[in-house]
Amino acid sequence: MVLYVDDILLATNDIGMLHETKRFPSRNFEMKDLGDASFVLGIQIHQDQSRGILGLSQRIYIKKVLKRFDMQKCKSEDTPVAKGDKFSLKQCPKGNLKIQEMQKIPYASAVGSLMYAQVCMRLDIAYKVGVLDRYLSNPGMNH
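Right, let's walk through the structure included here. (Residues numbered from 1 in each chain as written. Predicted model: local features only at pLDDT ≥ 70, side-chain atom pairs only at ≥ 80, totals over all residues. Heavy atoms only, no water.)

1. A few points about the overall build of the protein chain
- Helix and strand counts for the protein chain stand at five helices and five strands.
- Starting at the N terminus, the α and β elements of the protein chain follow one another as β-β-α-β-β-β-α-α-α-α.
- Relative to its length of 143 residues, the protein chain is extended, with a C-alpha radius of gyration of 21 Å against a globular reference of 15 Å.
- Expressed as lengths along the three principal axes of its C-alpha atoms, the size of the protein chain is roughly 65 × 35 × 30 Å.
- Taking the contacts inside the protein chain whose residues are at least 6 apart along the sequence as the reference set, 49% of them involve residues at least 24 apart.
- In the protein chain, 21 side chains carry a positive charge and 15 a negative one; their mean positions are 9 Å apart. (Helix = DSSP H or I, 4+ residues; strand = E, 2+ residues; numbered from the N terminus. Rg over C-alpha atoms; globule rule 2.2 N^0.38 Å. Contact = heavy atoms within 4.5 Å. Lys, Arg positive; Asp, Glu negative; His and termini not counted. Charge placed at Lys NZ, Arg CZ, Asp CG, Glu CD.)

2. Side note on the side chain of Gln118
- Within the secondary structure, Gln118 sits in helix α4 (residues 107-120).
- In contact with Gln118, not counting residues within four places along its chain, are Leu123, Ile125, Ala126 and Val129.

3. Brief notes about a nonpolar patch on the surface
- Judged by side-chain polarity, Met1, Leu3, Ile8, Phe29 and Met31 come together as a nonpolar surface patch covering roughly 570 Å² of accessible area.
- Among the structural elements, Met31 can be located in the loop between α1 (15-26) and β3 (39-40).
- Accessibility expressed as a relative area gives 41% for Met31, which makes it partly exposed. (Patch = residues over 30% accessible without salt bridge, like charges linked within 9 Å, V, L, I, M, F, W, Y side chains within 5 Å. Areas by Shrake-Rupley, 256 points an atom, 1.4 Å probe, with all protein chains shown as cover. Salt bridge = Lys/Arg side-chain N within 4 Å of Asp/Glu carboxyl O. Buried < 20%, exposed > 50% of the residue type's maximum accessible area, 1.4 Å probe, protein only.)

4. Some details on the environment of Gly112
- Tracing the sequence through the fold places Gly112 in helix α4.
- Distance from Gly112 to Val129, taken between C-alpha atoms, is 8.9 Å for residues 17 residues apart in sequence.

5. Side note on the sheet that holds strand β4 (residues 43-48)
- Reading across from one edge, β3-β4-β5 is the order of the three strands in this open sheet, with antiparallel pairing throughout. Taken across any chain shown, the strands that pair with only one partner, and hence form the sheet edges, are β3 and β5 (53-57).
- Here β3 pairs with β4 via two bridges, running antiparallel. Paired with Val40 across the two strands is Ile43, which belongs to β4. (Pairing = 2+ DSSP bridges.)

6. A word on the pattern of salt bridges
- Tallied over the full model, the rule gives four salt bridges.
- The residue Glu20 makes a salt bridge to Arg27 at a minimum N-O spacing of 3.6 Å.
- With relative accessibility at 35%, the residue Glu20 sits in the partly exposed group.
- A relative accessible area of 55% means that Arg27 is categorised as exposed.
- For Asp33, the salt bridge goes to Lys22, with nearest N and O atoms at 2.6 Å. Taken together, the positions of Asp33 in the loop between α1 and β3 and Lys22 in helix α1 put the pair eleven residues apart, joining distant regions of the chain.

Any functional reading would require information that these geometric values do not contain.
What follows is the structure in structure tokens.
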């Protein structure tokens, strides 16, 4: 069961339990069954009941994020972070011109969008997002 504000998402392989779970809150609250879910919190749900397949995708969410930050034409590739790589504030932009240029980029919002993707489904980017998060306090990056 996933509860978010006024939406509930139920998933189970026991149809009897599903119906009982839906009946319990409907005794005290006005509820509407919207049928099979196709999206929840920016995550697309793919179902093929005949093959017993349930898939989740953030493709549409990621496309919206890329568009929001004007990066829809970027190409994906692995960005390896090797053990022992060092990151520091010394690598952040210096000088008024570079700092002003970086202030045009909503860095904290971009990192927040990546955090949401990472928490929901993209554990593979967790370390990199954590590194980016460390530099949110850099004055040249705040916006």
